[in-house]
Amino acid sequence: MNHWDDTATGRHDGTTSRYDGATERVFAARPPERGGSLARTWWGRAWLAALEDGALDGAQVRAGRRLARAGAVGAVSVRPGRVTAVVRDRDGTGQRADVLLAELSQGQWDRLLDLAVERSGDVAALLDGEMPPQLVEDAATAGIDLLPGLGELEASCGCGAWDHCGHTAALCYQVARLLDDDPFVLLLLRGRSPRAVLDDLQARGTAAAAPEPAVARPRRDGVDAAQAYAAVRPPLPAPPELPGQPGLPPSLDAETPPAAGVDPTALEFLAARTADEAHRMLAEALDGGTHACVGLTAGQDAVRLAAGLAGTPRAFRTAVGQRLATGSGRTREGLASAVRAWGYGGAAALSVLEEEWAVEGEAWARARSALESAWEDDERPVLRVRGNRWTVAGTSCQLRLDRDGRWWPYRKERGRWTPAGDADRDPATALATAMSFGDGEGDEDAGAGMTAGAGGKTAGRPTA
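If you're wondering where the values come from, they're calculated on a predicted model, not measured in any experiment.

Enquirer: Before we move on, can you summarise the overall build of the chain with the specific residues and values?
Expert: A count of helices and strands for the chain gives 15 helices and twelve strands. Expressed as a percentage of the 464 residues in the chain, the buried residues total 39%. Contacts in the chain between residues at least 24 apart in sequence constitute 63% of all its contacts with a sequence separation of at least 6. When the accessible area of the chain is evaluated, it comes to approximately 25100 Å², of which 52% is carbon and sulfur surface.

Okay, structure coming up:
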């Protein structure tokens, strides 16, 4: 933190400055700068932009940059509206260079300090050697330009140049280095010393924090607080109307080439899917429901994204699908099955596809009862059980039980069990769905016995 007084002040970069009362600060000459930028901060670069964009002769600006780097700028005097230094040419000849910047009016200072005192963080930033960007933006909105703009840095030099010469340009580059270390230099140029600014801010802050004088009020009999609040509480606004369709993300098809590893088409796809999910979440919230996709794992979310690839160009669908499969640890065929499951029942159906669990205790009793009551004795199929999966002997059909007691139809395709429809509480209905899905390839579990899972139970015709 900087502390301002009337003595020489040590700077963290090894230079010194002298603060003479309220009107001038003098900064010692700086050593040569062999490399790096002469402005590190955004406000230092903004100062140089006013010089470089406004100077008529770019060669003189470049000459000034070389002189500043060579350490040719002497001690710098900063006063309200003016900065002065002697700049030496390569032959040792010195020229007095002045750069002028308009001071702020009293009214502008009042508005600026009012803005600064509203946020204590702005004052703390200034004291820590930072220029708060929000303060600069708010000041500009209020018609106050803290940083110089195009053509605001006026030049005056002993060499007789009527525009910026190498000497005044070198001084501007040196001032940028000073501004990097201390933004109060800019405030002094605009008309106020650091001490004056801090004293004014403190006075305004004290006045704002002072409590209002107490006013004696007649005592009245009150009412219950809850009743009073209920009487004045405004009604809640009506919920927003659901848009007819999700919003369209912006196009990323630009002339600028993307950075390495960035796929604009994939980003557009993700943005579109995000808009779809936001639209669905709003619809369910307005209906009083809960969104089914909250809390998805990375693997589940990959399936959700892959399900949204329908309708995209084939080449894109293939490329993104492969990335989603690899990222979620699945093969392309496995991802295709997962997408089909997702379409039938979201995360719950995906869990049935990929998780096998032992049906025991009360869950086993309920499953057995449902299977026994689903068919007449002469119609009941032979079911081979493994975990939560009941395969119909001699067919390519299977029933899978989820942890909520629902039965999911499955059908074998190309040697892989795939979802065949929506879940149902009735196993007979679920099996009819699987049967109507098409002819299969035979029973993968044929001859594998009838072990019912970890519980050691057996299943024969017609039991579970």
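Enquirer: I'd like to hear about the pattern of salt bridges, residue by residue, with values.
Expert: Proximity of charged atoms lets side chains of opposite charge pair with each other. Scanning the model with the defined rule gives 20 salt bridges in all. Between Asp-181 and Arg-40 there is a salt bridge, and its shortest N-O distance comes to 3.3 Å. Note that Asp-181 is positioned in helix 6 (residues 166–181) and Arg-40 in the loop between strand 3 (24–27) and helix 1 (42–54), a separation of 141 residues in sequence. Take Arg-40: its relative accessible area is 53%, and that puts it in the exposed class. Where Arg-82 meets Asp-98, a salt bridge forms, and the shortest distance between an N and an O atom there is 3.2 Å. Of this pair, Arg-82 sits in strand 5 (residues 82–88) while Asp-98 sits in strand 6 (residues 94–100), placing them 16 residues apart in sequence. For Arg-82, a relative accessible area of 25% puts it in the partly exposed group. Because the salt bridges share partners, they merge into one network encompassing Arg-30, Arg-40, Asp-180 and Asp-181.

Enquirer: Would you mind going over the nonpolar core in detail, with residue names and values included?
Expert: Ranked by size, the top nonpolar core spans 59 residues in total, and within it Trp-47, Val-76, Val-78, Val-83, Leu-112, Leu-153 and Leu-171 carry the most contacts. If you tally residues by element for this core, the top one is helix 6, at nine residues. If we skip the residues at most four places from it in the chain, Val-83 touches Val-76, Ser-77, Val-78, Ala-97, Asp-98, Val-99, Leu-171, Val-175 and Leu-189. The next biggest cluster of nonpolar side chains, apart from the first, holds 22 residues, and it includes Ala-302, Val-303, Val-352 and Leu-353.

Enquirer: Explain a nonpolar patch on the surface residue by residue, including any values.
Expert: On the surface, a nonpolar cluster with roughly 300 Å² of combined accessible area is contributed by Leu-252, Val-262, Leu-267 and Leu-270. With respect to the element layout, Leu-270 can be found in helix 10 (residues 264–286). By relative accessible area, which is 37% here, Leu-270 ends up partly exposed.

Enquirer: Describe the packing of helix 10 against helix 12 (residues 314–327), with residues and values.
Expert: The axes of two packed helices give the description: the angle between them and the distance between them. In contact at an axis separation of 11 Å, helix 10 and helix 12 are set at 80° when each is read in the N-to-C sense. If you check the angle between helix 10 and helix 12, you find them roughly perpendicular. When helix 10 is examined against helix 12, the residues Thr-265, Ala-266 and Phe-269 are found in contact with a partner set consisting of Phe-316, Val-320 and Arg-323. Split by residue class, the contact of helix 10 with helix 12 holds four nonpolar, one polar and one charged.

Conventions we followed
- Residues numbered from 1 in each chain as written.
- Predicted model: local features only at pLDDT ≥ 70, side-chain atom pairs only at ≥ 80, totals over all residues.
- Heavy atoms only, no water.
- Helix = DSSP H or I, 4+ residues; strand = E, 2+ residues; numbered from the N terminus.
- Buried < 20%, exposed > 50% of the residue type's maximum accessible area, 1.4 Å probe, protein only.
- Contact = heavy atoms within 4.5 Å.
- Areas by Shrake-Rupley, 256 points an atom, 1.4 Å probe, with all protein chains shown as cover.
- Salt bridge = Lys/Arg side-chain N within 4 Å of Asp/Glu carboxyl O.
- Core = buried A, V, L, I, M, F, W, Y, C linked by side-chain atoms within 4.5 Å.
- Patch = residues over 30% accessible without salt bridge, like charges linked within 9 Å, V, L, I, M, F, W, Y side chains within 5 Å.
- Axes fitted to C-alpha atoms, helices over the stretch in contact; angles between N-to-C directions.
- Parallel < 35°, antiparallel > 145°, perpendicular 65-115°, else oblique.
- Nonpolar A, V, L, I, M, F, W, Y, C, P; charged D, E, K, R; others polar.

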